[in-house]
Amino acid sequence: MAYYVATSGTGVKTLWCSTVKIARSPCCIEEGFELMAVPAGVKYAIIGAGIHGLSTAYHLALRLKETGRGSGKDILVIDKTSIAAGASGIACGVVRNNYYQPAMRELMAHSVAVWESDPKAYSYHPVGYMQISPEVMRAQVATIYEQQKAIGYESVFIEGASDSQAYMEGLFSDWQAKGITSVLHEKRGGYANNTASMYGLATKAEAEGVRIMTGIEVSGFEFASDGQAVTALITGKGRIACDYVVAGAGPWVAKIWKMLDLPATVAIKDGDGRMHTGVPMWKYWCLEEGTLGVDPNMHKTNDGQMPPVIHVDTDAPLYSDVDGTLITDKLWGLYYKPDFNFGGIQGGSSPYKVETPVDEVALDPYGPDSPDFIVGDDFIHTWCSMLAHCQKRFEGKIGQYKSHEKSGGLGCFTPDNFPVFDQFRGNVFVIADSNHGYKMIGVGKLVAEEITGRKSRLLEPFRFSRYAAGKLHPVSNSPFPWS
Ligand SMILES: Cc1cc2nc3c(=O)[nH]c(=O)nc-3n(C[C@H](O)[C@H](O)[C@H](O)COP(=O)(O)OP(=O)(O)OC[C@H]3O[C@@H](n4cnc5c(N)ncnc54)[C@H](O)[C@@H]3O)c2cc1C
């Protein structure tokens with residue numbers, strides 16, 4: 001574990017161990033704590049102690065050792081707040097392969113294998129995942145199933161309204177969602193406990209010698225005399241010289257991008273070969289999630305097992321579970337799972353786009369602490385009505401929604417809503433997952449391989465150059481921007 005002393009504006013010294021405040025007096029230093037000063041220089045500086053920063057740090061430490069180039073001691077992770085302070089610490093934690101884009105599916109299969117490699121440390125629950133869909137999505141989901149078969153990712157595909165209903169009733173006797181004509185049941189995947197998995201990763205990284213320092217914010221970069229490579233991070237705690245930078249800043253990526261002087265807009269070639277210029281590089285969506293405070297055990301399957309994560313999309317009219325009024329007759333979707341960590345049935349529905357200009361979006365305070373980007377009564381009413389639409393056991397339960405616990409948060413999206421994983425300026429790797437990323441624990445492993453000289457075929461479809469080249473990913477009919 002990394003120890004260091006932070007001094008407040010009023011001069012009070014506090015001893016921290018990673019993110020845990022140990023003492024407000026430095027007396028315990030004399031009792032043998034090995035303090036970590038902010039180093040003047042490091043080989044590898046990683047910005048962000050979320051899923052990508054920590055996974056990259058851990059896997060880079062392993063790669064450096066394996067290739068005889070160094071060790072985790074060459075790596076410093078810094079975070080402006082703490083481990084899991086960003087999107088990774090509030091994610092629902094769903095891990096799935098269900099993507100219409102072949103490149104995303106392959107990348108997710110790789111990531112699921114990483115989750116499966118150490119379920120205990122990653123607090124991973126391999127309960128599986130179900131995509132339950134209406135007719136308008138049937139053909140696309142069928143292709144997902146075919147391609148999952150092709151890459152050896154185990155799943156079952158059921159087609160037709162009555163077979164779908166029978167399959168769902170075989171799992172949950174009270175299944176009643178309407179407008180469903182296909183069910184894709186992924187036998188792998190599931191979910192992980194957000195903060196616990198970040199600490200699991202941090203512990204593994206620190207065991208390899210990686211230093212993690214929190215409460216240090218990067219406010220700029222220093223560039224080489226030719227204006228290209230980054231030579232140092234400018235932080236609130238001083239300058240940190242570095243040979244290589246990995247930016248895993250999650251929703252703050254737009255700020256880091258600007259500090260790196262990368263383009264605010266991009267040109268994109270569409271499927272017809274037409275160029276669209278001036279497309280903003282970043283936009284924000286607000287994710288809406290919450291918890292129904294019932295006993296998580298109430299959502300077990302007919303045979304008493306923990307159920308797969310459920311995702312339903314449907315174009316059946318949605319009526320209020322409170323007063324029977326019509327909420328929507330457009331395509332809608334929700335996801336949910338029993339979660340003992342959240343203490344109930346936790347999940348969410350489609351996000352909404354934030355129309356404020358990117359530079360003006362109030363990112364901090366983030367997540368539940370934000371006064372602007374948390375769910376309100378509309379979400380609670382809609383999501384609880386969606387749950388009741390799907391399963392009788394959730395009817396009349398809205399009163400048990402945990403409205404005292406704030407939830408929801410911002411995600412930063414790219415122009416096509418798919419990740420950009422690429423190196424810029426010759427020595428900066430930007431991991432911008434376009435909010436797909438808690439499940440993508442394996443990306444850090446691939447980034448570590450690239451940094452140490454092994455190009456990744458799986459990362460290739462996510463290069464920045466795809467916009468100008470028109471190498472875009474296919475778009476699905478799902479109501480979610482991330483499917
Ligand atoms: C409500 C919600 C639910 C979600 N649910 C899921 C889900 O179920 N499954 C899924 O796969 N994905 C989910 N996502 C998306 C997923 O959480 C993110 O894509 C992923 O966690 C991003 O990881 P990251 O490491 O890039 O960023 P983060 O986890 O946000 O970490 C970035 C870190 O960088 C630090 N930082 C930022 N700027 C600086 C700076 N200048 N200097 C120093 N440190 C800095 C921050 O403090 C933060 O700790 C969800 C997102 C939200 C908001």
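Calculation criteria
- The numbers attached to residues start from 1 for each chain and follow its sequence in the written order.
- Restriction of local features to residues with pLDDT of at least 70 applies here, the model being predicted, together with a cutoff of 80 or more for giving and counting side-chain atom pairs; totals for whole chains, interfaces and linings are based on all residues.
- Excluded from the side-chain calculations are hydrogens and water; all other atoms, namely the structure's heavy atoms, are used.
- Secondary structure counts use DSSP, requiring at least four H or I residues in a row for a helix and at least two E residues in a row for a strand, with both numbered from the N terminus.
- Our radius of gyration is a C-alpha quantity, and the globule rule it is checked against amounts to 2.2 Å times the number of residues to the power 0.38.
- We call a residue buried when its accessible area falls under 20% of the maximum for its residue type, exposed when it is over 50%, and partly exposed in between, using a 1.4 Å probe and counting protein chains only.
- The contact criterion used is simple: two residues touch if any of their non-hydrogen atoms lie within 4.5 Å.
- For the purpose of charge, His is not counted, nor are the chain termini; Lys and Arg are scored as positive and Asp and Glu as negative.
- Charged side chains are reduced to one point each, which is NZ for Lys, CZ for Arg, CG for Asp and CD for Glu.
- What makes two strands pair is DSSP finding at least two bridges between them.
- Here a helix's expected span is defined as the number of its residues, less one, multiplied by 1.5 Å.
- In this text, near means that some heavy atom of the residue lies within 4 Å of the molecule or strand in question.
- Polar contact criterion, stated in full: a pair of N or O atoms within 3.5 Å, where within protein one must be able to donate a hydrogen and the other to accept it, and residues adjacent in sequence count only if both atoms are side-chain atoms.
- Accessible surface is estimated by sampling points in the Shrake-Rupley manner with a 1.4 Å probe; for residues, cover comes only from the protein chains shown.
- Three residue categories are used. Nonpolar comprises Ala, Val, Leu, Ile, Met, Phe, Trp, Tyr, Cys and Pro, charged comprises Asp, Glu, Lys and Arg, and polar comprises the others, including Gly.
- Angles here are taken between N-to-C directions and fall from 0 to 180 degrees, while the axes themselves are lines fitted to C-alpha atoms, restricted in helices to the stretch in contact.
- Relative orientations are named as follows: roughly parallel for angles under 35 degrees, roughly antiparallel for angles over 145 degrees, roughly perpendicular for angles from 65 to 115 degrees, and oblique for any other angle.
- Each residue carries a pLDDT score, the predictor's own confidence in it, on a scale running from 0 to 100.

A. Geometry of the overall build of the chain. If you tally the helices and strands in the chain, you get nine helices and 26 strands. A globule of 483 residues ought to have a C-alpha radius of gyration of about 23 Å, and the chain, at 23 Å, matches this closely. Based on the C-alpha atoms only, the size of the chain along its principal axes is roughly 65 × 55 × 45 Å. Taken across its 483 residues, the chain has 57% of its residues classed as buried. Restricting the contact set of the chain to residue pairs at least 6 apart, pairs at least 24 apart contribute 74%. Between the centroid of the 44 positive side chains of the chain and the centroid of its 52 negative side chains there is a distance of 5 Å.

B. Inspection of the sheet that holds strand E11 (residues 190–192) at higher detail. The antiparallel open sheet is built from three strands, whose spatial order is E6-E11-E7. With one partner strand each, in any of the chains shown, strand E6 (94–95) and strand E7 (124–125) form the two edges of the open sheet. The pairing of E7 with E11 spans two bridges and is antiparallel. Bridge pairing links His-125 to Tyr-191 in E11.

C. How the structure looks around helix H7 (residues 377–390). Over its 14 residues, H7 runs 20 Å from end to end, which matches the ideal 20 Å to within 8%, given 1.5 Å per residue. Those residues of H7 lying buried are Phe-379, Ile-380, Trp-383, Cys-384, Ser-385, Met-386, Leu-387, Ala-388, His-389 and Cys-390. Packing partners of the buried residues in H7 comprise strand E18 (283–292), strand E19 (309–314), strand E20 (318–319), strand E21 (326–328), strand E22 (332–339) and strand E23 (344–354).

D. Examining the site of the ligand more closely. Near the ligand lie 39 residues; those nearest to it are Asp-79, Ala-87, Ser-88, Asp-433 and Lys-439. Between the ligand and the protein, one listed contact pairs an oxygen atom with a backbone N or O atom of Lys-439 at 2.8 Å. The fraction of the free accessible surface of the ligand (1,000 Å²) that becomes covered by protein chains is 97%. Elements with a minimum of two residues in the shell around the ligand: helix H1 (51–66), E18 and strand E24 (409–413). Its residues placed into classes, the shell around the ligand shows 19 nonpolar, 14 polar and six charged.

E. Spotlight on unusual backbone geometry. Following Asp-364, the chain continues to Pro-365 via a peptide bond in cis, the omega torsion being -5 degrees. Backbone geometry places Ser-123, a non-glycine residue, at a positive phi of 55 degrees. Take Ser-123: it is sitting in the loop between helix H2 (102–117) and E7. Positioned with a positive phi, Arg-425 is a non-glycine residue whose angle comes to about 55 degrees. On the basis of relative accessible area, Arg-425 is assigned to the buried category, the value being 15%.

F. How the structure looks around the packing of H2 against helix H8 (residues 443–451). For the pair H2 and H8, interaxial distance at closest approach is 9 Å and the crossing angle is 100 degrees. Between H2 and H8, the crossing angle belongs to the class labelled roughly perpendicular. Across the interface between the two elements, Leu-107, His-110, Ser-111 and Val-114 of H2 pack against Val-443, Lys-445 and Leu-446 of H8. Taken together, the residues of the contact of H2 with H8 sort by class into four nonpolar, two polar and one charged.

G. Quick look at the pairing of strand E15 (residues 238–247). Summarising the sheet, strand E4 (residues 41–47) and E15 pair through six bridges and their orientation is parallel. Bridging across to E15, Ile-47 finds its partner in Ala-247. Bridge count for strand E14 (residues 230–235) against E15 is four bridges, and the pairing is antiparallel. Of the residues in E15, the one forming a bridge with Thr-235 is Gly-238. The loop that links E14 with its antiparallel partner E15 comprises two residues. Bridge count between E15 and strand E26 (residues 428–432): three bridges; the pairing is parallel. If you follow Val-245 over to E26, its bridge partner there is Val-428.

H. Just the side chain of Ser-197, in detail. Here Ser-197 is to be found in helix H5 (residues 194–207). Under the relative-accessibility criterion, Ser-197 is labelled buried at 1%. Among the polar contacts made by the side chain of Ser-197, one reaches the side chain of Tyr-438 at a distance of 2.5 Å. The contact partners of Ser-197, leaving out residues within four places of it in the chain, are Trp-115, Ala-121, Tyr-122, Ser-123 and Tyr-438.

I. Geometry of the confidence of the model for the chain. In this model, the chain carries an average pLDDT of 92, and 92% of its residues clear a pLDDT of 70 or more. Every residue in residues 8–12 scores below 50 in pLDDT, and together they form three contacts with partners more than four places removed in sequence or on other chains.

J. Focus on the environment of Pro-371. With respect to the helices and strands, Pro-371 occurs in the loop between E23 and H7. Taking the C-alpha atoms as reference points, Pro-371 and Ala-57, separated by 314 residues in sequence, lie 32 Å from one another.

K. Highlighting the side chain of His-185. Summarising the element assignment, His-185 is placed in strand E10 (residues 182–186). In terms of polar contacts, His-185 uses its side chain to reach the side chain of Tyr-167, at 2.7 Å. Setting aside chain neighbours within four positions, we find His-185 in contact with Tyr-129, Met-130, Glu-154, Ser-155, Val-156, Tyr-167, Leu-171 and Pro-308.

L. Quick peek at the pairing of E26. Among the five residues in E26, five count as buried, and that is most of the element. Where burial is concerned, the two faces of E26 agree: the one with Val-428, Val-430 and Ala-432 and the one with Phe-429 and Ile-431 are both buried. In this sheet, E26 lies alongside strand E25 (residues 420–424) in antiparallel orientation, the contact comprising five bridges. Across the sheet, the residue bridging to Phe-424 is Val-428, located in E26. Between E25 and E26, which follow one another and run antiparallel, lie three residues, and Arg-425 among them has a positive phi close to 55 degrees.

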